[in-house]
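# Structure at a glance
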Amino acid sequence: MSRDASSAAGAPQPMVRAQGLVKTYRAEGAEARAVRGVDLQVEPGEFVAVTGPSGAGKSTLLHLLGGLDRPDSGELWLDGRQVDSLSEARWAVLRRRSIGIVFQFFNLISNMTVADNIELPALLAGKSPRQARESCEELLAELSLESKRRSMPAELSGGEQQRVALARALVNHPRLLLADEPTGSLDSKGGRDVLRLLARFHQRGQTILLVTHDARAASTADRVIYFFDGQVVDDAVLGGPEHVPSTVADILRLKD
Ligand SMILES: Nc1ncnc2c1ncn2[C@@H]1O[C@H](COP(=O)(O)OP(=O)(O)OP(=O)(O)O)[C@@H](O)[C@H]1O
């Protein structure tokens, strides 16, 4: 049963609190232990990168945090609310209102214009057409996409498509933004633009969890979690005074 802990102490709740999260995929007799007992806490306003080698379980973790996949065991709390056993329908509502997700391959609706792609989640969340249009226009301006509002996704560059996907993810002012390899299919300029935008939204208080295998992209964040074999093996605040674990040392050097 889901519980709401926010009222208990009146204290600010972590944006994400995961305890003992486990996810194993099973197919045709084979088993992939993608996430193997992860404890994780992300505070409101943090920009956290999750990095590590291919197959480490980074995307699986992000899918669990966004309710796109269910843990086999463990507890997950988002913004003070226990969500690990929410129904599909309740997860859909939660995602619409409180979680924005950006994927590597944009996932835009190909037969809708840029503006319609951005407005759709606002309409689904109950905004009036006028409110949805206003929110969309604000984001188009913010992301330098005003001239593209009537374009179809296929008419845009990869970087532009990812900026549209970012606008769509942010249109309902989500508490948490999840980004899964958002620079993974972009050229270096497109990738830099997207990282710059993430940094800008973070400066305004957006909580972000970025999954990336790219150390340079991870160095945009202010905390880096290193994932290996389904587990957190390092967790360091960049620029912090404390001991720096060796696996994130290279990322720290990139930040200098
Ligand atoms: N839907 C699925 N069905 C079966 N196995 C899966 C599924 N999704 C992921 N896996 C397996 O789980 C493990 C973790 O995969 P995941 O995609 O989470 O890793 P990753 O760190 O994001 O990798 P990459 O950087 O290559 O995207 C891998 O062994 C992968 O093959």
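Our subject is the structure listed above.
Residues numbered from 1 in each chain as written. Predicted model: local features only at pLDDT ≥ 70, side-chain atom pairs only at ≥ 80, totals over all residues.

## Section: the sheet that holds strand 3 (residues 47-51)
Overall, mixed pairing links the 6 strands, which are arranged 6-7-8-3-9-10 in an open sheet. This sheet does not close on itself; its edge strands, each paired only once, are strand 6 (99-102) and strand 10 (231-237). When the angles between neighbouring strand axes are averaged without regard to direction, this sheet yields 15°. Direction of pairing for strand 3 relative to strand 9 (residues 223-228): parallel, over a ladder of 4 bridges. Within the sheet, the bridge partner assigned to Ala 49 lies in strand 9 and is Val 224. (Pairing = 2+ DSSP bridges. Helix = DSSP H or I, 4+ residues; strand = E, 2+ residues; numbered from the N terminus. Axes fitted to C-alpha atoms, helices over the stretch in contact; angles between N-to-C directions.)

## Focus: unusual backbone geometry
In the Ramachandran plot, Asp 79 falls in the positive-phi region, its phi being about 55° despite a non-glycine side chain. Note on placement: Asp 79 falls in the loop between strand 4 (73-78) and strand 5 (81-82). The class of Asp 79 is buried, set by 21 C-beta atoms lying within 10 Å. With a phi angle near 50°, Glu 181 is a residue other than glycine that sits in the positive phi range. By the element assignment, Glu 181 lies in the loop between strand 7 (176-180) and helix 7 (188-203). (Buried ≥ 20, exposed ≤ 12 C-beta atoms within 10 Å, placed from the backbone.)

## Section: the nonpolar core
Ranked by internal contacts, the top residues of the largest apolar core, which has 66 residues, are Ala 167, Leu 178, Leu 209 and Leu 210. The element contributing the most residues to this core is helix 6 (residues 158-170), with 6 residues. Apart from the residues lying within four places of it in its own chain, the contact partners of Leu 178 are Leu 62, Leu 65, Gly 66, Ile 99, Ile 101 and Leu 209. (Core = buried A, V, L, I, M, F, W, Y, C linked by C-beta atoms within 7 Å. Contact = placed C-beta atoms within 7 Å.)

## Observations regarding the environment of Gly 52
Looking at the secondary structure, you find Gly 52 in the loop between strand 3 and helix 2 (58-65). The class of Gly 52 is buried, set by 25 C-beta atoms lying within 10 Å. Once you skip the residues sitting within four places of it in the chain, Gly 52 turns out to touch Lys 58, Tyr 226, Phe 227 and Phe 228.

## Points about the sheet that holds strand 5
In spatial order, the strands read 2-1-4-5; together these 4 strands make up an open sheet with antiparallel pairing. Two strands in the sheet have a free side with no partner beyond their single neighbour: strand 2 (30-42) and strand 5. Across the sheet, helix 2 is in contact with strand 1 (16-27), strand 2 and strand 4; its angle to strand 2 comes to roughly 60°.

By themselves, these are just geometric observations and shouldn't be taken as functional.
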